Amino acid sequence: IMTSSSNRLSEYLLQIKAIQLNVQSPFNWASGWKSPVYCDNRIILSYPEVRNFVKSELVKLVQANFPDANCIAGVATAGIPHGAMIADALGLPMVYVRDKPKGHGMQNTIEGRLPENARVVVIEDVISTGKSSLKAVDDLKNAGATIEGMAAIYTYEFSLAKNRFLELGIPLVTITNYSDLIAVAVKTGEVNSEFLPTLNEWREKPEIWKQ
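Not measured: the values here are computed from a predicted model. (Residues numbered from 1 in each chain as written. Predicted model: local features only at pLDDT ≥ 70, side-chain atom pairs only at ≥ 80, totals over all residues. Heavy atoms only, no water.)

Undergrad: What is the right way to read helix H2 (residues 48-65) from this model?
TA: Three or four residues apart is the spacing at which side chains of an α-helix point the same way, because the helix has 3.6 residues per turn. For H2, built from 18 residues, the straight-helix expectation of 26 Å at 1.5 Å per residue is met to within 8% by its first-to-last C-alpha distance of 25 Å. Listing the buried residues of H2 in full gives Val50, Phe53, Val54, Glu57, Leu58, Val59, Leu61 and Val62. Close packing links the buried residues of H2 with helix H1 (4-15), strand S5 (71-75), helix H3 (79-90), strand S8 (119-127), strand S9 (146-155) and strand S10 (172-177). (Helix = DSSP H or I, 4+ residues; strand = E, 2+ residues; numbered from the N terminus. Expected span 1.5 Å × (residues − 1). Buried < 20%, exposed > 50% of the residue type's maximum accessible area, 1.4 Å probe, protein only. Contact = heavy atoms within 4.5 Å.)

Undergrad: What's the story with the packing of aromatic side chains in this structure? I'm lost.
TA: Where two aromatic rings form a pair, the distance of their centres and the angle of their planes describe that pair. Throughout the structure, instances matching the rule amount to 12 aromatic pairs. Measuring from ring centre to ring centre gives 5.0 Å for Tyr154 and Tyr156, while their planes differ by 80°; the resulting arrangement is edge-to-face. The two residues Tyr154 and Tyr156 agree in class, both being buried. Between Tyr178 and Trp202 the ring centres are 5.4 Å apart and the planes differ by 50°, which places this aromatic pair in the tilted class. Of this pair, Tyr178 sits in helix H6 (residues 178-187) while Trp202 sits in helix H7 (residues 196-204), and the two are 24 residues apart along the sequence. On the basis of relative accessible area, Trp202 is assigned to the buried category, the value being 0%. Put simply, the rings of Trp29, Trp33, Tyr154, Tyr156, Phe158, Tyr178 and Trp202 touch in pairs and so form one group of aromatic residues. (Phe/Tyr/Trp six-rings, centres within 6.5 Å; stacked < 30°, edge-to-face > 60°.)

Undergrad: Would you take a moment to explain the packing of H2 against H3 for this structure?
TA: Any two packed helices are characterised by the angle at which their axes cross and by the distance between the axes. Axis separation between H2 and H3 bottoms out at 9 Å; the angle between their running directions is 60°. Here H2 and H3 pass one another in a crossing that is right-handed. Here Arg51, Val54, Lys55, Leu58, Val59, Val62 and Gln63 of H2 lie close against H3, whose contacting residues are His82, Met85, Ile86, Ala89 and Leu90. Class assignment of the residues belonging to the contact of H2 with H3 gives a composition of 8 nonpolar, 2 polar and 2 charged. (Axes fitted to C-alpha atoms, helices over the stretch in contact; angles between N-to-C directions. Left-handed = near helix turned anticlockwise from the far one by under 90°. Nonpolar A, V, L, I, M, F, W, Y, C, P; charged D, E, K, R; others polar.)

Undergrad: Whenever I open this one, the pattern of salt bridges confuses me. Can you help?
TA: Pairing of side chains with opposite charge becomes possible as their charged atoms draw close. Taken as a whole, this structure holds 5 salt bridges when the rule is applied. Where Lys60 meets Glu57, a salt bridge forms, and the shortest distance between an N and an O atom there is 3.0 Å. Here Lys60 and its partner Glu57 are both found in helix H2, 3 residues apart, which amounts to about one turn of the helix. Classification of Lys60 by relative accessible area gives partly exposed; the value is 48%. Classification of Glu57 by relative accessible area gives buried; the value is 8%. The partner of Lys135 in a salt bridge is Asp139, and the shortest N-O contact between them spans 2.7 Å. Taken together, the positions of Lys135 and Asp139, both in helix H4 (residues 131-142) and 4 residues apart, correspond to about one turn of that helix. Note on Asp139: relative accessible area 16%, which makes it buried. (Salt bridge = Lys/Arg side-chain N within 4 Å of Asp/Glu carboxyl O.)

Undergrad: What exactly am I supposed to notice about the pairing of strand S6 (residues 94-97) here?
TA: Strand residues, when the strand is regular, have side chains that alternate between the two faces of the sheet. With burial as the criterion, only one face of S6 is covered, namely that bearing Val95 and Val97; the residues Met94 and Tyr96 on the opposite face remain uncovered. With 4 bridges joining them, S5 and S6 adopt parallel strand pairing. Looking at S6, one finds that Ala73 is bridged to Val95. Handedness of the crossover joining S5 and S6 through H3 is recorded here as right-handed. Sheet analysis places S6 next to strand S7 (residues 110-111), joined by 2 bridges and oriented antiparallel. Within S7, the position partnered with Tyr96 by the bridge is Glu111. (Pairing = 2+ DSSP bridges. Right-handed = clockwise from strand over helix to strand, strands pointing away.)

Below is the structure:
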């Protein structure tokens, strides 16, 4: 069941073109996959109304699902600004996790200082395969943190990612998701309902989907 928050954020993301849909001329992802959907949540930062909505919804998710958290960790790069806003709103310490160690100095992967007995909520912008998000989880665990869970703006709902999170026992909560977004896109005329079967096929097997 779509929540009002998920519905509203889906509308926002389509309005500001943070999410673009094109079934006939798919986008090429860095992984080599072809995709009818492209998501760039960095654009949210340029729209104060949307940015504040995302901040308030992520804060609610953290408070409701991870009340014992004592630290916020943003995943580089797109999770950092949202992590900073949430840490600020909750009055909690914040760190961020690089995708690879810095090439000089201390060669840290984690920037900032984890509190003692750190119970961390990891903040992401988008969950696709989950690989990079869960690498950040590993780095935090290796630094001695307990991971309470992860909160993200949006997930593609790939079964590959769901299974990875389940296997590692990492709870994942998001404001919105692919199913809700597509439902809103059809309702608003952003995408023609005739493309629904294709859009569902892609989500089920994105690695082999081709036009």
